[in-house]
Amino acid sequence: QVQLVESGGGSVQAGGSLRLSCTASGLTFDDYAMGWFRQAPGKEREGVAGIRGDGRTIYADSVKGRFTISRDNAKNTLYLLMNSLKPEDTAMYYCAASRNVYLLSLHSSWYNFWGQGTQVTVSS
C-alpha cells in the first residue's frame with residue numbers, strides 16, 4: 001500500500017521560507033517521478049514542481065527562482081524548499097508520485113498516488 005505523508009507546512013510572513021517534506025512508503029521510491037501540487041480555496045489544483053528519477057526538474061512559472069524541489073532516494077523523501085514566500089503561495093500543498101519515472105510534468109492526471117496535504121499560510 002503506497003503512502004505519501006507530507007510535513008513541514010505552517011504559517012509564515014511574506015518573504016519567509018519553509019521546507020516541505022514528503023515521506024513515501026510502499027513503493028520503490030527510485031522508480032517514481034514525484035511532484036508537488038497546491039490548491040487554494042476556491043481554486044483548482046495546480047502543479048508547482050516536478051522531479052524525475054534522474055533528478056531533472058520542472059517548475060511552474062509562478063515559483064521559478066523561489067522554490068526548489070529535490071529528492072533523497074536513500075530516505076524515500078521528497079522536499080520542497082520555498083523561499084521568498086508570498087501571500088499568493090497560501091494553499092494546501094500535496095505531494096504526488098507517478099509510476100513513470102521519466103515523467104516531467106505538472107499535470108495532475110499523470111500522477112498515480114497522492115498524499116493528504118500540508119497547509120501553508122503566508123501573511124502579508
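Relevant structure appears above.
Heads up: these notes are all about the structure in this document. (Residues numbered from 1 in each chain as written. Predicted model: local features only at pLDDT ≥ 70, side-chain atom pairs only at ≥ 80, totals over all residues. Heavy atoms only, no water.)

## Observations concerning the state of the cysteines
By definition, a disulfide links the sulfur atoms of two cysteines through a covalent bond.
Now for step 1: Under the counting rule described, the total for this entry stands at one disulfide.
Now for step 2: Put simply, Cys-22 and Cys-95 are joined by a disulfide, and their sulfur atoms are 2.0 Å apart. Taking the sign of the S-S torsion, about 40° here, the bridge from Cys-22 to Cys-95 comes out right-handed. You can see Cys-22 sitting in strand β3 (residues 18-25) and its partner Cys-95 sitting in strand β9 (residues 91-98), a full 73 residues away along the chain. Like Cys-95, Cys-22 is buried. (Disulfide = S-S within 2.5 Å. Helix = DSSP H or I, 4+ residues; strand = E, 2+ residues; numbered from the N terminus. Buried < 20%, exposed > 50% of the residue type's maximum accessible area, 1.4 Å probe, protein only.)

## Quick look at the nonpolar core
Now for step 1: Judged by nonpolar contacts, the single largest core of 29 residues is most densely connected at Trp-36, Leu-78, Leu-80, Met-82 and Tyr-93.
Now for step 2: For this core, the secondary structure elements donating two or more residues are β3, β4 (33-39), β5 (46-51), β7 (67-72), β8 (77-82), β9 and β11 (118-123).
Now for step 3: With near-sequence residues (within four places) excluded, Met-82 lies in contact with Gly-16, Ser-17, Leu-18, Leu-20, Arg-66, Phe-67, Tyr-93 and Val-120.
Now for step 4: Core analysis: the next-biggest nonpolar cluster, separate from the first, contains five residues, Phe-37, Ala-96, Leu-103 and Tyr-111 among them. (Core = buried A, V, L, I, M, F, W, Y, C linked by side-chain atoms within 4.5 Å. Contact = heavy atoms within 4.5 Å.)

## Some points on unusual backbone geometry
For residues besides glycine, phi is generally negative; the peptide bonds are generally trans as well.
Now for step 1: For Asn-76, which is not glycine, the phi torsion reads 50° and is therefore positive.
Now for step 2: Inspection of the secondary structure puts Asn-76 in the loop between β7 and β8.
Now for step 3: The backbone of Ser-84 sits at a positive phi, close to 50°, despite the residue not being glycine.
Now for step 4: Mapped onto the secondary structure, Ser-84 falls in the loop between β8 and β9.

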